[in-house]
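# Geometric and topological summary
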Amino acid sequence: MINATRLQLKHRFSYIQQFMASPRTVGTLAPSSPWLCQAMLDQIEWTRTLSIAELGAADGVLTKRIIGRMRADAGLDAYEIQPNFVRRLQQIEEPRLQVMAQSAERLEREYDVIFSCLPLLSIPLKISIRILQQARENLQGRNGTLVLFQYSHLSEKLLSRYFHWKKQRVVRNFPPALVYVCTPR
């Protein structure tokens, strides 16, 4: 029990360090809660999902849960630019996972589903726009789904440029979050 608590504290401290080093790209002081991850995953029909991207995968909290839900023949591209987080993602032993140590401004292919944990309001506006444009353009057959969370409703105007969306509030997270389920305009 003591070792588990120590590991959990070390994990949280890692997020605080990353946030302090780069608040524009990390955007949070704590990893996503199990309830936030579950709310995001529940938005997808997993029996039909083959090609998945995760933008801002951090150290893999959501990544591991996606892997647990995806089909055996599905693939996951986890995009992350923070070197410490990239190293942690690369330690996940999963052949269906491809760690993409690059910005989500340039997605590699089309996807059925894109999950985003990126702090749109913390990132410079031009970059947020490029990321949302890439997400819209790279959703498979324009029938794909973007699922993202934000800590404020202030990104809704920006989202509305590229997507139709609905939202769900998740209070069991620090801080409470809004999950958006988006389809291309």
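Up top is the structure.
Residues numbered from 1 in each chain as written. Predicted model: local features only at pLDDT ≥ 70, side-chain atom pairs only at ≥ 80, totals over all residues. Heavy atoms only, no water.

### Some points on the pairing of strand 3 (residues 97-100)
Pairing geometry for strand 2 (residues 75-79) and strand 3, over 4 bridges, is parallel. Counted as the bridge partner of Y79 is M100 from strand 3. Viewed along the sheet, the connection from strand 2 through helix 5 (residues 83-90) into strand 3 turns out right-handed. (Pairing = 2+ DSSP bridges. Helix = DSSP H or I, 4+ residues; strand = E, 2+ residues; numbered from the N terminus. Right-handed = clockwise from strand over helix to strand, strands pointing away.)

### Thoughts on the sheet that holds strand 2
Strand order in the open sheet formed by 7 strands is 3-2-1-4-5-7-6, and the pairing between neighbours is mixed. Edge positions in the sheet fall to strand 3 and strand 6 (163-170), since each of these pairs with one other strand and no more. Averaged over all neighbouring strand pairs, the angle between strand axes comes to 15 degrees, with direction disregarded. Note that strand 6 and strand 7 (residues 177-184) share 8 bridges and pair antiparallel. Each bridged residue has a counterpart across the sheet, and for Q168 the counterpart in strand 7 is V179. Strand contacts of helix 6 (residues 125-137): strand 1 (51-55), strand 4 (113-116), strand 5 (145-150), strand 6 and strand 7, with the helix running at about 110 degrees to strand 6, the strand carrying the most contacts. (Axes fitted to C-alpha atoms, helices over the stretch in contact; angles between N-to-C directions. Contact = heavy atoms within 4.5 Å.)

### Considerations on the pattern of salt bridges
Per the counting criterion, the structure on display carries 8 salt bridges. In this structure, D77 engages R109 in a salt bridge whose closest nitrogen and oxygen atoms are separated by 3.1 Å. Of the two residues, D77 sits in strand 2 while R109 sits in the loop between strand 3 and strand 4, which places them 32 residues apart along the sequence. The shortest N-O distance in the salt bridge between E156 and K167 comes to 2.7 Å. With E156 in helix 7 (residues 156-162) and K167 in strand 6, the pair connects residues that are 11 residues apart, well separated along the chain. Overall, the relative accessible area of 44% leaves K167 in the partly exposed class. (Salt bridge = Lys/Arg side-chain N within 4 Å of Asp/Glu carboxyl O. Buried < 20%, exposed > 50% of the residue type's maximum accessible area, 1.4 Å probe, protein only.)

### Side note on the nonpolar core
M40, W46, L62, I66, F115 and V179 are the most contacted members of the largest nonpolar core, which has 29 residues in total. Only helix 3 (34-41), helix 4 (61-69), strand 2, helix 5, strand 3, strand 4, strand 5 and strand 7 provide two or more residues apiece to this core. The biggest single contributor to this core is helix 3, with 5 residues. (Core = buried A, V, L, I, M, F, W, Y, C linked by side-chain atoms within 4.5 Å.)

### Structural notes on the pairing of strand 1
Buried residues dominate strand 1, accounting for 5 of its 5 residues. Burial along strand 1 is two-sided: the face carrying S51, A53 and L55 and the face carrying I52 and E54 are both buried. In the sheet, strand 1 pairs with strand 2 via 5 bridges, with the strands oriented parallel. Paired with E54 across the two strands is A78, which belongs to strand 2.

In short, shape yes, function no, at least from these values alone.
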